[in-house]
Amino acid sequence: MSPPPPPIRPPPLPGNFGPPPPPSGWDKAKKFLAPLGVVGVLLLKFGAKLKFIIIPVAKFFPVILKTGGTMILSIGAYAMMWGVWFAVGFVLLIFIHELGHLLAARKCGLKVGAPVFIPFMGAIIALKEAPRNAWIEAQVGIGGPMLGTLGAAVCEMIHLATGYQLFRALAYSGFFLNLFNLAPVGFLDGGRIVTALSPWLWVVGFAVVLGLTIAHPNFILILILIFSAPRLFSLFRRKSEAERRYFEVTPGQRATMAIMYFGLIALLVIGMQISHIPRETLAGR
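Description of the structure in this document. (Residues numbered from 1 in each chain as written. Predicted model: local features only at pLDDT ≥ 70, side-chain atom pairs only at ≥ 80, totals over all residues. Heavy atoms only, no water.)

Next up on the list: helix α7 (residues 219-233). Here α7 spans 22 Å end to end across 15 residues, near enough to the 21 Å set by a 1.5 Å rise per residue. Along α7, the sharpest kink reaches roughly 30°, centred on Phe227 and followed within four residues by the proline Pro230. Regarding α7, the residues found buried are Leu221, Leu223, Ile224, Leu225, Ser228, Ala229 and Leu232. On its buried face, α7 sits against α4 (165-181) and α6 (201-215). Where α7 starts, the residue carrying a side-chain oxygen 2.7 Å from the main-chain nitrogen of Ile220 turns out to be Asn218. (Helix = DSSP H or I, 4+ residues; strand = E, 2+ residues; numbered from the N terminus. Expected span 1.5 Å × (residues − 1). Bend = angle between axes of the 7 residues up to and from the residue. Buried < 20%, exposed > 50% of the residue type's maximum accessible area, 1.4 Å probe, protein only. Contact = heavy atoms within 4.5 Å. Polar contact = N/O pair within 3.5 Å; in protein donor to acceptor, adjacent residues only side chain to side chain.)

Written out as structure tokens, the structure is:
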């Protein structure tokens, strides 16, 4: 038997290929974009299920930013003077007051903007359309002090239940804030309310605020006088037929608003008396 043939060896390969070629720009892009693509697929998958949550939040995000942002600024400003917790409670009382205006305006069919807070000036809610008559204007005007008074009363009840003086201080501040806003001056809530009673009450309110400004000069009081002056001067010029119709209210509407207005003033005065903290009590703390 002849011996087996020797095994056939493959030809030798080159011994040195050199370093591997560097990855191209496309390879780097694919490596970077691949995880993002996975995330995108997941977002598309779950986004359809969450669209009923995401869309409303995105729609109201500017409103949340405008109201929430200005609230935080106001809290910061008040906190520098009165402390954080009082500032939080005070701004919330202002928010409740403005919420009363918003609800009253919506009830009357008016479009309104979100509250915007201005440190040391309170807050405003812009009406996107003017009230059609004095009766509607008065309802929107009294809505804020009514709900604001309720908010202050809740603070007083919390104080009575807990004995925590902070809530009594907030109650007194809330009662005073809403009572001050009922002054029958064109720029304040009271000025809007008395349009359904008699616009000539603006003269009385203007005189009272002017007297306070002279006795106790204050930047806010001066602003109130400045912004209230145009409406006061309108009493002494000739009115168009549309302007005269604006102030027409029924006797029943006038009586209803008078009871609500003067009754609310009485309640606020009583609330301030109840929630007043004597100076000697504060000195002893």
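Among the nonpolar cores identified, the biggest contains 43 residues, and Leu170 and Met257 are the most heavily contacted of them. If you list the elements that add at least two residues to this core, you get α1 (25-82), α2 (84-107), α3 (134-162), α4, α6, α7 and α9 (251-275). Not counting residues within four places of it along the chain, the set of residues in contact with Leu170 comprises Phe86, Gly89, Phe90, Leu93 and Cys155. Counting eight residues, the second largest nonpolar core, distinct from the first, contains Ala105, Val112, Ile125 and Ile136. (Core = buried A, V, L, I, M, F, W, Y, C linked by side-chain atoms within 4.5 Å.)

This part covers α3. Taking 1.5 Å as the rise per residue, α3 with 29 residues should run 42 Å; its terminal C-alpha atoms sit 43 Å apart, in good agreement. The backbone nitrogen of Trp135 has a side-chain oxygen 3.2 Å away, supplied by the residue at the start of α3, namely Asn133. Looking at the residues trailing α3, positive phi occurs at Gly163, about 75°.

Another point: the packing of α4 against α9. Interaxial distance between α4 and α9 falls to 9 Å at its minimum, and their mutual angle equals 155°. Our classification of the angle between α4 and α9 gives roughly antiparallel. The crossing of α4 and α9 is left-handed. Seen from α4, the contacting residues are Arg168, Ala171, Tyr172, Phe175, Phe176, Asn178 and Leu179; seen from α9, they are Ile265, Leu268, Val269, Gly271, Met272, Ile274 and Ser275. (Axes fitted to C-alpha atoms, helices over the stretch in contact; angles between N-to-C directions. Parallel < 35°, antiparallel > 145°, perpendicular 65-115°, else oblique. Left-handed = near helix turned anticlockwise from the far one by under 90°.)

Take Glu98: it is sitting in helix α2. Of the buried charged residues, Glu98 lacks a salt bridge, with Arg192 as the closest side chain of opposite charge at 9.2 Å. Discounting residues that sit within four places of it in the chain, Glu98 has contacts with Pro115, Ala123, Ile124 and Ile125. (Lys, Arg positive; Asp, Glu negative; His and termini not counted. Salt bridge = Lys/Arg side-chain N within 4 Å of Asp/Glu carboxyl O.)

For the rest of this paragraph, the subject is the packing of aromatic side chains. With the rule as written, the count across this model stands at 12 aromatic pairs. In textbook terms, an aromatic cluster arises when at least three aromatic residues are bridged by ring pairs, as seen for Tyr78, Trp82, Phe86 and Phe90. (Phe/Tyr/Trp six-rings, centres within 6.5 Å; stacked < 30°, edge-to-face > 60°.)

Attention shifts here to the pattern of salt bridges. Within the structure shown, the criterion is met by six salt bridges. Salt-bridge contacts for Arg192 lead to Glu137; the nearest nitrogen and oxygen are separated by 3.5 Å. Pair noted here: Arg192 is in helix α5 (residues 189-193) and Glu137 is in helix α3, with a separation of 55 residues, a long-range link. Measuring nitrogen to oxygen at the nearest pair gives 2.7 Å for the salt bridge that ties Arg231 to Glu137. Taken together, the residues Arg231 in helix α7 and Glu137 in helix α3 connect sequence positions 94 residues apart. Residue Glu137 is classed as buried on the basis of its relative accessible area, which comes to 3%. Three or more residues are tied together by salt bridges with common partners; here these are Glu137, Arg192 and Arg231.

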